[in-house]
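# Close look at the chain arrangement
This is what each chain is made of:
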Amino acid sequence: IILPSGIYGDICTKLVQVYDAHTYRNWFSKLTATIDEKAKSVELKAPNLFILQWIETHYGEIIRKIAQNLNIEIKLCQK
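Every value quoted in this text rests on a predicted model; they were computed, and no experiment measured them. (Residues numbered from 1 in each chain as written. Predicted model: local features only at pLDDT ≥ 70, side-chain atom pairs only at ≥ 80, totals over all residues. Heavy atoms only, no water.)

### Some words on the overall build of the protein
Quick reminder of the rule: A helix here means a DSSP run of H or I that spans at least four residues, while a strand means a run of E at least two residues long, and both kinds are numbered starting from the N terminus. Radius of gyration means the value over C-alpha atoms here, while the globule rule gives 2.2 Å times the residue count to the 0.38 power. Here the term buried applies to any residue with accessible area under 20% of the maximum for its type, exposed to any over 50%, and partly exposed to those in between, with areas from a 1.4 Å probe on protein chains only. Whether two residues are in contact is decided by their heavy atoms: any pair within 4.5 Å suffices.
Broken down by element type, the protein carries three helices and three strands. Going residue by residue from the N terminus, the α and β elements of the protein occur as α-α-β-β-α-β. For 79 residues, the compact-globule estimate of 2.2 N^0.38 gives 12 Å, and the protein sits close to it at 11 Å. Judged by the C-alpha coordinates and their principal axes, the protein covers about 30 × 25 × 20 Å. Put simply, the protein has 79 residues, and 34% of those count as buried. Relative to all contacts within the protein whose residues are 6 or more apart in sequence, the contacts with residues 24 or more apart total 60%.

Take a look at the structure:
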């Protein structure tokens, strides 16, 4: 799989390490990231409420822990 670069790429790399490429393709690849490199923040937008809720419920805690460990502020929301 091809992962994004920059701070969001760092998060994606960790997600693939924690889960796997299959999970990344099925869920995380559906997210659109708005990245502010200077502020070290990433806003992840899900295409619909179902995907947002699924990711939030099943992966939200891990996503936040990964971002926190990388000193990145993260927000999950719907497009």
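### Focus: the packing of aromatic side chains
The geometry of an aromatic ring pair is captured by the separation of the ring centres together with the interplanar angle, meaning the angle of the planes. Under the convention used in this document: Two rings from Phe, Tyr or Trp (for Trp, the six-membered ring) form a pair when their centres sit within 6.5 Å of each other. Planes less than 30 degrees apart are called stacked, planes more than 60 degrees apart edge-to-face, and all others tilted.
Across all of its chains, the model carries seven aromatic pairs by this definition. Note on Tyr 19 and Tyr 59: the rings are 4.8 Å apart at their centroids and 80° apart in plane angle, and the pair reads as edge-to-face. One end of the pair, Tyr 19, is in the loop between α1 (6–18) and α2 (21–26); the other, Tyr 59, is in helix α3 (residues 49–69), and 40 residues separate them in sequence. Judged by centre distance (5.0 Å) and plane angle (15°), the ring pair of Trp 27 and Trp 54 falls under stacked. Linking Trp 27 in the loop between α2 and β1 (32–36) with Trp 54 in helix α3, this pair joins segments that are 27 residues apart in sequence. A residue is classified by how much of its surface remains accessible, and Trp 27, at 17% relative accessible area, is buried. An aromatic cluster is built from Tyr 19, Tyr 24, Phe 28 and Tyr 59, whose rings are joined through pairwise contacts.

### A short note on the environment of Ile 11
Note on placement: Ile 11 falls in helix α1. Given a relative accessible area of 0%, Ile 11 falls into the buried group. Separated by 56 residues in the primary sequence, Ile 11 and Ala 67 have C-alpha atoms spaced 6.5 Å apart. Once residues within four sequence positions are removed from consideration, Ile 11 is found in contact with Val 42, Ile 66, Ala 67, Leu 70, Ile 72 and Ile 74.

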